[in-house]
Amino acid sequence: SDLIMNISKQTVAIVRAVAKKKPRTEWDNTYIPHGVNKQFYPISIFDDEYKKVENMKKQLTDDNINFVVFYNNRNIRRKNPGDLILAFKTFCDTLSKEKADQCCLLLHTTPVDENGTHLPNVVKAICPDYKVYFSDKKLDTQQLNWLYNIADVTVNIASNEGFGLGTCESLMAGTPIIVNVTGGMQDQC
């Protein structure tokens with residue numbers, strides 16, 4: 001290869017470290033940030049669109065929810081959705097019952113995937129006492145922006161992530177993220 005364009009600074013460093021036969025320079029091993037759609041933005045309670053955000057939240061959760069942990073990823077092993085469900089349970093275990101009842105984990109993913117796991121069974125086995133909801137319908141960009149605006153935090157704990165587009169979109173919508181130090185997610189931090 002004459003040129004390697006990487007979407008994370010971590011990958012640039014890895015390529016530089018392993019390219020022994022043909023050492024790379026800043027010219028032929030470059031960092032090109034991932035492209036981002038500017039259609040993700042914060043929606044305040046004063047915006048006309050806020051009613052649509054509230055309606056979507058009512059459709060996906062219940063009226064008592066005041067804190068939403070959001071996951072927007074595939075249901076595959078390297079994305080660690082089962083680990084996130086366990087982490088959510090552990091988080092709720094530290095809260096009073098009243099506070100825990102006001103929290104939910106909202107997973108925008110396929111609940112059962114041949115490349116992943118049966119997430120409803122995982123919830124039933126390790127997190128039956130807390131609120132876990134699934135959003136599995138295909139959404140347009142505007143609806144996905146509403147989900148980011150519903151969320152209080154977006155989580156991506158993938159063990160291997162090239163960029164983490166969902167967390168970048170979340171940040172653009174003004175929603176904080178919790179991520180591993182891997183791939184492009186560390187660049188976002």
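Each remark here, short or long, concerns the structure printed above.
Residues numbered from 1 in each chain as written. Predicted model: local features only at pLDDT ≥ 70, side-chain atom pairs only at ≥ 80, totals over all residues. Heavy atoms only, no water.

Visitor: Give me the lowdown on a nonpolar patch on the surface, citing residues and values where you can.
Guide: Where nonpolar side chains cluster on the molecular surface, the patch consists of Leu3, Met5 and Ile32 and spans about 290 Å² of accessible area. Tracing the backbone through its elements, the reader meets leucine 3 in the segment before strand S1 (4–6). Looking at leucine 3, the relative accessible area reads 41%, which means it is partly exposed. (Patch = residues over 30% accessible without salt bridge, like charges linked within 9 Å, V, L, I, M, F, W, Y side chains within 5 Å. Areas by Shrake-Rupley, 256 points an atom, 1.4 Å probe, with all protein chains shown as cover. Salt bridge = Lys/Arg side-chain N within 4 Å of Asp/Glu carboxyl O. Helix = DSSP H or I, 4+ residues; strand = E, 2+ residues; numbered from the N terminus. Buried < 20%, exposed > 50% of the residue type's maximum accessible area, 1.4 Å probe, protein only.)

Visitor: Provide a residue-level description of the pattern of salt bridges, including the pertinent values.
Guide: Side chains carrying opposite charge are able to pair once their charged atoms draw close together. The tally for this structure, following the rule as stated, stands at 7 salt bridges. Of the charged contacts in the structure, one is a salt bridge between aspartate 101 and lysine 97, with a shortest N-O distance of 3.0 Å. The exposed category is assigned to lysine 97, whose relative accessible area is 62%.

Visitor: Tell me about the sheet that holds strand S7 (residues 177–179), residues and numbers included.
Guide: Taking strand neighbours across the sheet as the criterion, the 5 strands line up as S5-S4-S3-S6-S7 in an open arrangement whose pairing is parallel. Two strands close off the open sheet at either side, each with one partner strand: strand S5 (131–135) and S7. In this sheet, neighbouring strand axes are inclined to one another by 25° on average, regardless of whether the strands run parallel or antiparallel. Here strand S3 (residues 67–72) pairs with strand S6 (residues 153–156) via 2 bridges, running parallel. (Pairing = 2+ DSSP bridges. Axes fitted to C-alpha atoms, helices over the stretch in contact; angles between N-to-C directions.)

Visitor: Explain unusual backbone geometry to me, using residue names and the numbers behind them.
Guide: Most peptide bonds adopt trans geometry, and most residues besides glycine take a negative phi value. Look at asparagine 80: it is not a glycine, yet its phi comes out positive at around 60°. Looking at the element boundaries, asparagine 80 is found in the loop between S3 and helix H3 (81–93).

Visitor: Can you explain the packing of aromatic side chains? Please cite residues and give values.
Guide: Evaluation of the coordinates by the stated rule reveals 3 aromatic pairs. Centre to centre, the rings of phenylalanine 40 and tyrosine 148 are 5.6 Å apart; their planes meet at 80°, and the pair counts as edge-to-face. Here the residue phenylalanine 40 occupies a position in the loop between strand S2 (29–31) and helix H2 (50–60), and tyrosine 148 occupies one in helix H6 (residues 141–150), the gap between them amounting to 108 residues. Summarising the burial analysis for this pair, phenylalanine 40 and tyrosine 148 share the class buried. Aromatic side chains phenylalanine 70 and tyrosine 148 sit 5.6 Å apart centroid to centroid with 85° between the ring planes, which places their arrangement in the edge-to-face category. One end of the pair, phenylalanine 70, is in strand S3; the other, tyrosine 148, is in helix H6, and 78 residues separate them in sequence. Of the two residues examined, phenylalanine 70 and tyrosine 148, each falls in the buried class. Every member of this aromatic cluster is reached through a ring pair, and the members are Phe40, Phe70 and Tyr148. (Phe/Tyr/Trp six-rings, centres within 6.5 Å; stacked < 30°, edge-to-face > 60°.)

Limitation: the analysis is restricted to geometry and does not speak to function.
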